[in-house]
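Chain by chain, the residues:
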Amino acid sequence: MPLRTAAAQSRPDLAGTWRGTLVNYPTRPGVAPVDVTMEFGALPVADSTCVPWKTTYREQGVVRGVKDYRLCRGTGPDDYAVDEGGGVVLPARLLGDVLVSAFKTGSLLLVTHLRVSGDTLTEEIMTIDDRPAADGLVMMRPRAIQRLLLTRER
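Residues numbered from 1 in each chain as written. Predicted model: local features only at pLDDT ≥ 70, side-chain atom pairs only at ≥ 80, totals over all residues. Heavy atoms only, no water.

A.B. asks: Please provide a residue-by-residue account of the nonpolar core, values included.
C.D. replies: In this structure, Met-38, Leu-71 and Leu-121 are the most contacted members of the largest nonpolar core, which totals 24 residues. Breaking this core down by element, the ones donating at least two residues are β1 (16–25), β2 (34–40), β3 (50–59), β4 (62–73), β5 (79–85), β6 (88–95), β8 (108–117) and β10 (142–152). Counting residues per element, this core draws most heavily on β2, at four residues. The contacts of Leu-71, once residues within four sequence positions are left out, are Leu-14, Leu-43, Pro-44, Thr-49, Cys-50, Val-51, Trp-53, Tyr-80, Ala-81, Val-82 and Leu-99. (Core = buried A, V, L, I, M, F, W, Y, C linked by side-chain atoms within 4.5 Å. Buried < 20%, exposed > 50% of the residue type's maximum accessible area, 1.4 Å probe, protein only. Helix = DSSP H or I, 4+ residues; strand = E, 2+ residues; numbered from the N terminus. Contact = heavy atoms within 4.5 Å.)

What follows is the structure, given as structure tokens:
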């Protein structure tokens, strides 16, 4: 019987400029929509290389924030990191076709996942109330999801 090999993993095609909106759940009445532009380089394919990842947030046409990050490949095809600058580097991993990162800040656990399907990019950031580790089951309360739904400009 011949050995079966895994099919080549699909890599997300991030390169380009993406535009869309950010929505926080649960939604709050009266909150203005946030327009988002993301600019990516191609997913790094060589170890220890980085590409730009710039995100601009606008409310009613006015720039309210800019995140000028870099997406870097570590060692191996699934090992990545998001370099936020100022010494903050968040580990990330390509799981199938989804780029996933998890980190804690204060009493919060945040889990992000980014997926590309054709010319649609979806990024979700789940915020969870963190609890100390214990034996057995640890209950953690989901607090919010921030969803960015973007379309690639052609």
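A.B. asks: Can you explain the environment of Gly-136? Please cite residues and give values.
C.D. replies: Within the secondary structure, Gly-136 sits in the loop between β9 (120–129) and β10. Counting along the chain gives 52 residues from Gly-136 to Glu-84, while the straight-line C-alpha distance between them is 35 Å.

A.B. asks: Describe the layout of surface pockets, listing the residues and the values that go with them.
C.D. replies: Reported here for the largest pocket is a volume of approximately 310 Å³. Considering the residues around the largest pocket, the lining is formed by 20 residues, among which Tyr-69, Glu-84, Thr-112, Glu-123 and Ile-125 are closest to the centre. Among the elements of the structure, β3, β4, β5, β6, β7 (98–105), β8 and β9 are those that each provide at least two residues to the lining of the largest pocket. A total of four residues in the lining of the largest pocket trace back to one element, the largest contributor, which is β7. The computed volume of the second largest pocket comes to approximately 190 Å³. The leading source of residues in the lining of the second largest pocket is β1, at four residues. Split by residue class, the lining of the second largest pocket holds seven nonpolar, three polar and one charged. (1 Å grid on protein atoms, 1.4 Å probe; cavity = no way out; pocket = protein on both sides within 12 Å on 5 of 7 lines; lining within 4 Å. Points joined across faces, edges and corners; volume = space filled by probe spheres on them. Nonpolar A, V, L, I, M, F, W, Y, C, P; charged D, E, K, R; others polar.)

A.B. asks: Account for the state of the cysteines, naming residues and giving values.
C.D. replies: Applying the stated criterion across every chain yields a total of one disulfide. Between the sulfur of Cys-50 and that of Cys-72 lies a disulfide, 2.1 Å long from S to S. Between Cys-50 and Cys-72, the disulfide has an S-S torsion of 105 degrees and is therefore right-handed. Taken together, the residues span a long stretch of sequence, with Cys-50 in strand β3 and Cys-72 in strand β4 at a distance of 22 residues. Judged by relative accessible area, which is 32%, Cys-50 ranks as partly exposed. For Cys-72, a relative accessible area of 11% puts it in the buried group. (Disulfide = S-S within 2.5 Å.)

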